[in-house]
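Observations on the three-dimensional arrangement
One letter stands for each residue in the lines below.
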Amino acid sequence: MEDFFLGPASLFSAPHLVSVTVTLAIFITVAVLLGKKFKGDTKKQNIVMIISAILIVGFQVAKMIYLLARTDNIGDCLIGNAPLYFCDIMIYIIPITVFVRGRAKDCCYDFIAICGLLMGFMGNYFAGNIYNGTDSAFSFLAINSLINHSISAFVSMFVFVSGLNKMEKRNIPFVVGILFVYMTFALIMAYITGKNYMFYFRGDGTPFTIFFDLVGGNLAPYQIIIYVLQCGYIGLFYLVYYYTIKLVKYVKEKHALSEAK
């Protein structure tokens with residue numbers, strides 16, 4: 001039992017899978033319950049978003065304090081661990097969503113709904129850079145990463161269940177644009193600093209390693225693939241969403257016609 005909690009945890013090991021699955025189940029269950037309870041209550045919905053913003057920023061600050069306390073090179077530590085990865089975008093978007101209004105808020109809610117669950121599941125289950133067989137699944141950095149990604153999943157599910165996302169077609173370019181601008185800034189910073197932001201230079205044990213190896217380590221096609229996969233995911237999500245809505249409407253109309261007969 002001691003090995004389970006304190007022993008080194010590799011990707012897809014029992015400690016990794018159990019800790020991630022239990023944590024995500026708790027966060028998503030709470031999100032569903034709160035989403036249903038606060039549906040239509042703007043004030044309480046905002047409180048949930050504010051608390052989520054404080055928590056996700058707080059865990060990032062705690063991570064940086066922990067890392068800075070363990071390094072002799074403060075500058076390199078700050079640059080190397082700057083929140084410029086895909087999952088880190090929620091550190092910015094959730095607080096921004098709290099403050100903006102109107103169409104900008106709608107776009108942010110749509111982005112959170114679409115990307116949050118992906119960040120929660122992919123960032124936790126495929127974190128080969130965290131669960132690398134060196135540290136415990138219950139180490140500070142592993143738990144910090146787990147909570148950080150789980151908050152993204154929580155907010156995404158809360159937004160969906162409470163109906164805060166609009167999913168309007170006119171907002172699609174802006175929702176994709178949020179990610180595109182963020183990715184481009186991260187790419188520029190990656191080349192300026194030489195750091196592996198967004199895994200632009202190598203996969204580091206994440207699923208991107210498959211594509212890095214596929215192109216033989218060629219950075220240009222590899223980085224294009226990262227853009228296509230991440231921005232394309234949002235477009236694919238919209239397609240599936242609209243198709244599902246149309247299918248549900250069709251089934252309901254067909255059922256209503258059959259009952260009328």
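The following refers to the structure shown. (Residues numbered from 1 in each chain as written. Predicted model: local features only at pLDDT ≥ 70, side-chain atom pairs only at ≥ 80, totals over all residues. Heavy atoms only, no water.)

Another aspect to go through is the packing of aromatic side chains. In the structure shown here, the tally under the stated rule is 16 aromatic pairs. Taken together, a centroid distance of 6.3 Å and an interplanar angle of 10° make the contact between F154 and F158 stacked. Taken together, the residues span about one helical turn, with F154 and F158 both in helix 7 (residues 140–162) at a distance of four residues. Of the residues examined, F154 reaches a relative accessible area of 10% and is grouped as buried. You can call F158 buried: its relative accessible area is 0%. K169 extends its terminal NZ or CZ atom over the ring of Y242, reaching a point 5.1 Å from the ring centre. (Phe/Tyr/Trp six-rings, centres within 6.5 Å; stacked < 30°, edge-to-face > 60°. Helix = DSSP H or I, 4+ residues; strand = E, 2+ residues; numbered from the N terminus. Buried < 20%, exposed > 50% of the residue type's maximum accessible area, 1.4 Å probe, protein only. Lys NZ or Arg CZ within 6 Å of the ring centre and 35° of its normal.)

Along the chain, S150 turns up in helix 7. Discounting chain neighbours no more than four positions away, the residues touching S150 are T23, L24, F27 and N124. (Contact = heavy atoms within 4.5 Å.)

Here the focus is the nonpolar core. Counting residues in hydrophobic clusters, the biggest one holds 58 residues, and the most contacted among them are M49, F111 and Y200. Residue assignment for this core shows that the elements contributing at least two residues are helix 2 (14–37), helix 3 (42–69), helix 5 (89–99), helix 6 (102–125), helix 7, helix 8 (172–193), helix 9 (208–214) and helix 10 (219–260). Per-element tally for this core: the top contributor is helix 6, with nine residues. Once residues within four sequence positions are removed from consideration, Y200 is found in contact with M183, T184, A186, L187, A190, L219, Y222, Q223, I226 and Y227. Ranked by size, the runner-up nonpolar core spans ten residues in total, among them A9, A137, A142 and A153. (Core = buried A, V, L, I, M, F, W, Y, C linked by side-chain atoms within 4.5 Å.)

These figures come from the coordinates and say nothing about function on their own.
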